[in-house]
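# Fold and contact review
Chain by chain, the residues:
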Amino acid sequence: MKIKNKTFRQNAITYAMVLLFYLICQGLIMSGNMSSLMKGLMVPICYYVILAVSLNLVVGISGELSLGHAGFMCIGAYSSAIFAVCVDGKIPEMAELLLALVIGAAVTAVFGFLIGIPVLRLRGDYLAIVTLAFGEIIKNVVNAVYVGVDENGLHFSMKDSLSLGLSENGIEIINGAQGISGLPRTATFTTGIILVFITLFIVLNLVNSRQGRAIMAIRDNRIAAESIGLSVSKYKMMAFVISAALAGVAGVLYSHNLSTLQATSKNFGYNQSIMILVFVVLGGIGNIRGSVIAAFILTILPEKLRFLSDYRMLIYAIVLITMMLFNSAPKAIAWRKSIKERFFSGKKAEAGKEAQ
Amino acid sequence: MEEKIIKAADVRQEKGLMLNVENLSISFGGLKAVENFHMQIKKHELYGLIGPNGAGKTTVFNLLTGVYKPDTGSILLDGENITGKHTIDINHAGIARTFQNIRLFGNLSVLDNVKAGLHAHYVYGTVSGIFRTPKFYKMERAMNEKAMEILKVFDLDEAASYKASQLPYGRQRKLEIARALATEPKLLLLDEPAAGMNPQETQELMDTIRFVRDSFDMTILLIEHDMKLVSGICEELTVLNFGQVLCSGATKEVLNNPEVIKAYLGD
Ligand SMILES: Nc1ncnc2c1ncn2[C@@H]1O[C@H](COP(=O)(O)OP(=O)(O)O)[C@@H](O)[C@H]1O
Ligand SMILES: [Mg+2]
């Protein structure tokens, strides 16, 4: 079928792009041509891509403006870090990372479901504000808890580490605002890229399935979707939970790339959520490949602009605005179309006429 | 030929009522939009609901499909009581509709609009969809075939890959009917299907509606302004005026009723 081939080709381009990026970067790393600063950005690029793609599932595919994505990342990071500290040294590294990913995704999915129950009853701006609030609540709660483990099991407190009442061999896991320390740092660029592939695989296949069609139908016209028997609450929830679980995966990658995990407003606060939203908007709402590209460019850009020192953020903002205009200004779109047509002969132009 | 028609009519009588609405009312604030509405539609019938602008016709559709909950009254679909049920359940019970103001899935392809309508009849799980199991391919292939078959009825098969919002107005109306049909309803509700169409398109649409009724063994209730279309294809009519039934019965009789003529001329 003609249509199927088209989406297949589009998806193949996306996968190929990520693979190419991986090979180039590996080549640079192997040949010693990558600065240590850039090397340090390889894993962050991966989790930002995962975050952008997963947020696009809610914002672009399901059509709900969610501003709490950093909160889900936080849940994934913390749940996997707790696990990592508990089993540190007891099981092989690879097994630990694999299990941490499963746990991080599962715990975040459960939270996504619980938060989704009240949130998905709301619409538009209200939904955005409430998700923003949930994100902040998660970050603040995580900052206030103390968790320890000893032979009697897990201990919780909201006061301080002393009131945990740990035995002599007990270890503190979460130490309030000081977070979790002694993490294994097992995440690598390769694991990151594999997770990017898995995320793309899940999201792209979901979009091109019966369920994805229902999610987009509901986005396009809720009343019509109900009139043909599609359950709005079921499919909104499906998109929200899968998106949350993938953000949780990004969180696992994040926590396994650090030796100490802390929840600050910089990593799990609303500005982070907004940053992820910027990736999505810039890459094109509903455009998965665009999210990948935007997350990649905007993660590297601040580093590349470092030489501008004081003017860095100014230039960054200008680049943002330019990219936005290039992506969505009607004139820019028309210009891009004309370029495309010149390259792909008259075939596409004719198809357009037929549609009338 | 004539014998055949008579036989078909007999079968219709035997099969009984597809829709039985009694005493249906709803008011918005002080306005009684629909009051004491009643209507009986036999199986396989092509039934018309007419009346001046603002008479409450679309509101009746919204009541039948659960968009509004009626203040009073009952709705029986093929003997099943669907009063007060949710829109989704009413669709599953067997009512599908189109909208006066077209409501398509604008960003989806023409094909996907119809496939969305097939959702309940070609089932596979989320995991199956993500991991592309053989069941996914089998179901999607079957869905594509069925959707193309339906699109062909409306001459839309050539346009299957276009975005729904790219279609011209008249074809969007047809696509809405195709999508509704895909849910395999017992009763199809069409809200002013010929609105905005030129005479030739209207003529084509009349033929299509008749074809759909016969080949899908469908019962159809349509709201229409175009008198030519109404008298051309509807077997029975109900006339609505100021939210109340003015009269109902066989098309010819209703259209010659002096009260109906007055209501329309006074419009
Ligand atoms: N949701 C609503 N709230 C308030 N008034 C409504 C609503 N829906 C319909 N009405 C009113 O009910 C009356 C009938 O409208 P409608 O059913 O659309 O008429 P028709 O389809 O026959 O032209 C109109 O006066 C309209 O303003
Ligand atoms: Mg109307």
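The preceding data block contains the structure.
Source: prediction; values computed, not measured. (Residues numbered from 1 in each chain as written. Chains lettered and ligands numbered in written order. Predicted model: local features only at pLDDT ≥ 70, side-chain atom pairs only at ≥ 80, totals over all residues. Heavy atoms only, no water.)

## Remarks on the pairing of strand 10 (residues 244-250) of chain B
All names here are of chain B. Our working rule: For two strands to be treated as a pair, DSSP must find at least two bridges joining them. A run of H or I in DSSP becomes a helix once it reaches four residues, and a run of E becomes a strand once it reaches two; helices and strands are each numbered from the N terminus.
Pairing of strand 9 (residues 236-241) with strand 10, which is carried by six bridges, proceeds in the antiparallel orientation. Paired with L240 across the strands is V245, a residue of strand 10. In this structure, the hairpin formed by strand 9 and strand 10 is closed by a connection of two residues, where F242 is found at a positive phi of approximately 50°.

## Quick look at the coordination of the magnesium ion (ligand 2)
Put simply, the rule reads: In this analysis a donor is any N, O or S atom within 2.8 Å of a metal ion (3.2 Å for sodium, potassium and calcium), and since water is not included, sites may seem incomplete.
Ligation of the magnesium ion (ligand 2) by protein atoms is provided by B:T58 (OG1) and B:Q100 (OE1), these donors lying 2.0 to 2.1 Å from the ion. With B:T58 in helix 2 (residues 57-64) and B:Q100 in the loop between strand 6 (95-97) and helix 4 (110-117), the pair connects residues that are 42 residues apart, well separated along the chain.

## Description of the site of ligand 1
All names here are of chain B. Heads up, the condition is: Proximity criterion: a residue is near a molecule or strand once any of its heavy atoms comes within 4 Å of it. Polar contacts, as counted here, are pairs of nitrogen or oxygen atoms within 3.5 Å of one another; within protein the pair requires one atom able to donate a hydrogen and one able to accept it, and residues that are adjacent in sequence qualify only if both atoms are side-chain atoms. Reported accessibility uses the Shrake-Rupley method at a 1.4 Å probe radius. Residues are deemed covered only where the shown protein chains occlude them. Amino acids outside the nonpolar list (Ala, Val, Leu, Ile, Met, Phe, Trp, Tyr, Cys, Pro) and the charged list (Asp, Glu, Lys, Arg) are all regarded as polar, and Gly is one of them.
The environment of ligand 1 is made up of F28, L31, A33, N53, G54, A55, G56, K57, T58, T59 and Y68. At 2.5 Å, a side-chain N or O of T59 approaches an oxygen atom of ligand 1. Note that a nitrogen atom of ligand 1 is positioned 2.9 Å from one of the side-chain N or O atoms of Y68. Expressed as a share of its isolated accessible area of 560 Å², the protein-covered part of ligand 1 is 64%. If you list the elements that add at least two residues to the shell around ligand 1, you get strand 2 (31-42) and helix 2. Grouping the amino acids of the shell around ligand 1 by side-chain chemistry returns five nonpolar, five polar and one charged.

## Here we look at the sheet that holds strand 1 (residues 17-28) of chain B
Hydrogen bonds between backbone groups are what pair the strands of a sheet, and the pairing can be parallel or antiparallel. Residue and element names in this part refer to chain B. Under the convention used in this document: Whether two residues are in contact is decided by their heavy atoms: any pair within 4.5 Å suffices. Interaxial angles span 0 to 180 degrees and are taken between N-to-C directions of axes, which are lines fitted to C-alpha atoms, for helices over the stretch in contact.
One open sheet accounts for four strands, arranged 2-1-4-5; its pairing is antiparallel. Each having just a single partner strand, strand 2 and strand 5 (80-81) make up the two edges of the open sheet. Both strand 4 (residues 72-77) and strand 5 contribute to a ladder of two bridges, which runs antiparallel. Within strand 5, the residue paired with L76 across the bridge is N81. Running over the sheet, helix 2 touches strand 1, strand 2 and strand 4 and is turned about 115° from strand 1.

## Describing the packing of helix 13 (residues 312-328) of chain A against helix 14 (residues 330-343) of chain A
All names here are of chain A. Two numbers describe how helix 13 lies on helix 14: the axes approach to 5 Å, and their chain directions differ by 65°. Residues L325, F326, N327 and S328 of helix 13 lie in contact with helix 14, whose contacting residues are P330, A332, I333, W335 and R336. Broken down by class, the residue content of the contact of helix 13 with helix 14 amounts to six nonpolar, two polar and one charged.

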